[in-house]
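For reference, the chains in residue letters:
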Amino acid sequence: MSTADIGLIGLAVMGSNLALNIAEKGYTVAVHNRSAGRIDEFVAMAKEQGLDGKVIPKADLAEFVAAVKRPRSIIIMVKAGAPVDEMIEHLLPHLEQGDAIIECGNSLFTDTQRRFDYLKPKGIGYLGVGVSGGEEGARHGPSIMVGGSKEQWHNAEPVLTAIAAQFNGESCCAYLGEGGAGHFVKTIHNGIEYGDMQMIAEVYGVMRDGLGMSPKQASDVFKEWNKGPLNSYLIEITGHVLAAVDSESGKPLVELILDKAGQKGTGVWSAIAAQQMGVPATAIEGAVAARSISSRKDERVAAEAIYGKRNATKANITLADLEKALLAGKIVSYAQGFAVIAKASDENGWNLPLSTIAKIWRAGCIIRSRFLDQMAAAYSKGGNTNLLVVPDFVTLMKDSHPSLRKVVAAAAVGEFPMICLSAALSYFDSFRQAQGTANLIQGQRDFFGAHGFEIVGRGGDLHGTWPSTLGK
Ligand code: NDP
């Protein structure tokens, strides 16, 4: 008998926590996993939490599908990439018209679009859903960014909105647009996350090397900042990470962790998407590059031997400047991220609601912050104006960009790398500069390639008279 409200395949960290979350909200969930051993482990876990009554375990795929009420909503939470395509092929013979596959992994949005287009003529709905919040979020309420088949979304909507995080009584789950829209927004969410994390790390670098602060002292500052305008999950956990002590050595844990950051692809995808659409997203690009530099430890060690240790002078900046610099950098980074989303929305006809996106990021996800409430308000009247010209953010930027300037200048003199914050500052200065320097670039392009230029008041496609014998 078909009794499950929803099905879920893939019982690793994310899938098992999502399934427990679904069961806890009172829905019956049929579960399946390629290796049956994981199903038994999951059932034991559900039992421990008193939720086994809401779980229907099925090791056989056909029996699993049959256990789900029609029209079926089946979540796939398997490893991103080829396993998703394989899983779709395994499922297809068992599905019927009107059923939907809901893929909740970190998929590349173009893959999601391809799968959506592939299944549509077969009458099978496809929802590409971004889920943010890690293991904890999956279990107790993630932020859920839905894209794909709108009709089938309505079938799954009660379950997905119930398991999502709540902010002031509103669910942090929303349908955003067709095809790959949900996974695109999740990708940019992750790009913004990269920027936030890198900017925090750069400020920590100044605290450590420029101000001579211990991890405990830095932790106290982040904990204090978390009470102010920077209040966010990432600032909060930074306070905890810096305070942690290694039980074996008694030393601050952060000082023992190797300074090589990993990445799984969403930051790179964000940067590529931004570049492909011609939208400047320098903070995200800087953050991705910083992770790549971090991973080249051997090269860095060798280069330090050549150039000598940094001249770690006492930085002539205050903690108040650092706090405001972080705020200014963050505003620029989010302005860039939302600009990328707005452009993708236009290009793909997604009609992405920027205010809703800011709203569903207010809780559950890794970039959740107080600040997103202000962004949701900024976009609530529609439109996709760059945040940097929205009045509330203009006020914040006017107040904070002088500190960003001071911090970046001190970093340059003190030899502290600041790839992300300096990129944010340069973007801001370029963005607000009415007269730029691309007139010279156009002159150069015309010199070597006859690309033409425009002269204000005289029209375009004009050429200069350049010396023809130069360099010959
Ligand atoms: P993993 O990405 O580690 O994937 C493991 C799961 O995929 C297992 O259930 C495994 O089954 C299944 N699997 C792998 N290959 C196949 C295949 N060819 N056919 C069928 N099943 C297969 O699991 P996570 O829970 O970490 O992540 C799931 C998804 O969620 C990923 O896309 C990930 O990027 C995304 N995500 C993860 C987050 C996290 O914090 N971990 C946060 C947000 C999103 P088996 O047990 O048989 O090997």
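Residues numbered from 1 in each chain as written. Predicted model: local features only at pLDDT ≥ 70, side-chain atom pairs only at ≥ 80, totals over all residues. Heavy atoms only, no water.

Considering the pairing of strand 4 (residues 73-76)
Two faces make up the sheet, and in a regular strand the side chains alternate between them. Residues Ser 73 and Ile 75 of strand 4 are buried on one face, and the alternating residues Ile 74 and Ile 76, pointing to the opposite face, are buried as well. In the sheet, strand 4 pairs with strand 5 (residues 100-103) via four bridges, with the strands oriented parallel. Each residue of the ladder has a partner; that of Ile 74, found in strand 5, is Ile 101. You can see the chain leave strand 4, run along helix 4 (residues 82-91) and come back into strand 5, and the turn it takes is right-handed. (Buried < 20%, exposed > 50% of the residue type's maximum accessible area, 1.4 Å probe, protein only. Helix = DSSP H or I, 4+ residues; strand = E, 2+ residues; numbered from the N terminus. Pairing = 2+ DSSP bridges. Right-handed = clockwise from strand over helix to strand, strands pointing away.)

Some remarks on helix 19 (residues 419-431)
In this model helix 19 runs 18 Å from its N-terminal to its C-terminal C-alpha over 13 residues, within 8% of the 18 Å that 1.5 Å per residue would give. Of all the positions in helix 19, only Cys 420, Leu 421, Ala 423, Ala 424, Leu 425, Tyr 427 and Phe 428 are classed as buried. Next to the buried residues of helix 19 lie helix 8 (181-210), helix 13 (282-295), helix 15 (319-348) and helix 18 (391-414). (Expected span 1.5 Å × (residues − 1). Contact = heavy atoms within 4.5 Å.)

Remarks on the domain arrangement of the protein
Per the domain assignment, the segments of the protein are domain 1 (6-179) and domain 2 (188-431). Each of domain 1 and domain 2 was reduced to a C-alpha centroid, and the two centroids are 32 Å apart. Counting residues at the interface gives 24 residues for domain 1, matched by 18 residues for domain 2. Surface buried jointly by domain 1 and domain 2 totals about 1,600 Å² across both partners, of which 67% is contributed by carbon and sulfur atoms. The tally of links from domain 1 across to domain 2 stands at two salt bridges. In this structure, Glu 170 and Arg 362 form a salt bridge, with 3.4 Å as the shortest nitrogen-oxygen distance. Those elements that provide at least two residues to the side of domain 1 that touches domain 2 are helix 5 (109-119), strand 7 (143-148), strand 8 (166-167), strand 9 (170-171) and strand 10 (173-177). Among the elements that line the side of domain 1 that touches domain 2, the one with the most residues is strand 10, at four residues. Across the side of domain 1 that touches domain 2, the residue classes tally to 11 nonpolar, 11 polar and two charged. (Domains from an automatic or database assignment. Buried area = accessible area lost by both parts, 1.4 Å probe. Salt bridge = Lys/Arg side-chain N within 4 Å of Asp/Glu carboxyl O. Nonpolar A, V, L, I, M, F, W, Y, C, P; charged D, E, K, R; others polar.)

Quick notes on the nonpolar core
Residues Phe 184, Trp 225, Phe 338 and Trp 361 are the most contacted members of the largest nonpolar core, which totals 89 residues. Ranked by the residues each element gives to this core, the list is headed by helix 15, at 14 residues. No fewer than three residues from each of domain 1 (6-179) and domain 2 (188-431) sit in this core. Ignoring anything within four residues of it in the chain, the contact list for Phe 338 reads Leu 354, Ile 357, Ala 358, Trp 361, Met 375, Tyr 379 and Leu 387. Among the nonpolar cores identified, the runner-up in size contains 33 residues, and Ala 23, Val 31, Val 55 and Ala 156 belong to it. (Core = buried A, V, L, I, M, F, W, Y, C linked by side-chain atoms within 4.5 Å.)

Topic: the site of the ligand
Taken together, 20 residues surround the ligand, and among them Met 14, Asn 33, Ser 35, Arg 38 and Glu 86 come closest. The backbone of Met 14 places a nitrogen or oxygen atom 2.8 Å from an oxygen atom of the ligand. Asn 33 is positioned with one of its side-chain polar atoms (N or O) 2.8 Å from an oxygen atom of the ligand. When the ligand is considered free in solution it has 890 Å² of accessible area, and contact with the protein chains removes 80% of it. Contributing elements (two or more residues each) for the shell around the ligand: helix 1 (13-24) and helix 4. The element that contributes the greatest number of residues to the shell around the ligand is helix 4, accounting for three residues. Its residues assigned to classes, the shell around the ligand shows 10 nonpolar, six polar and four charged. (Near = heavy atom within 4 Å. Polar contact = N/O pair within 3.5 Å; in protein donor to acceptor, adjacent residues only side chain to side chain. Areas by Shrake-Rupley, 256 points an atom, 1.4 Å probe, with all protein chains shown as cover.)

Side note on the packing of aromatic side chains
As enumerated under the stated definition, the model contains 11 aromatic pairs in all. Plain terms: the ring middles of Tyr 334 and Phe 371 are 5.5 Å apart, the flat faces sit at 80° to each other, and that makes the pair edge-to-face. Taken together, the positions of Tyr 334 in helix 15 and Phe 371 in helix 17 (residues 371-379) put the pair 37 residues apart, joining distant regions of the chain. For Tyr 334, a relative accessible area of 0% corresponds to the buried category. Arranged with centres 5.4 Å apart and planes meeting at 40°, the rings of Phe 447 and Trp 466 form a pair that is tilted. Linking Phe 447 in helix 20 (residues 438-449) with Trp 466 in the segment after strand 12 (459-462), this pair joins segments that are 19 residues apart in sequence. A residue is classified by how much of its surface remains accessible, and Trp 466, at 33% relative accessible area, is partly exposed. Each residue in the set Phe 109, Phe 184 and Trp 350 is aromatic and connected to the rest through ring pairs, giving one cluster. Across from the ring centre of Tyr 194, 3.7 Å away, lies the NZ or CZ of Arg 291, which sits over that ring. (Phe/Tyr/Trp six-rings, centres within 6.5 Å; stacked < 30°, edge-to-face > 60°. Lys NZ or Arg CZ within 6 Å of the ring centre and 35° of its normal.)

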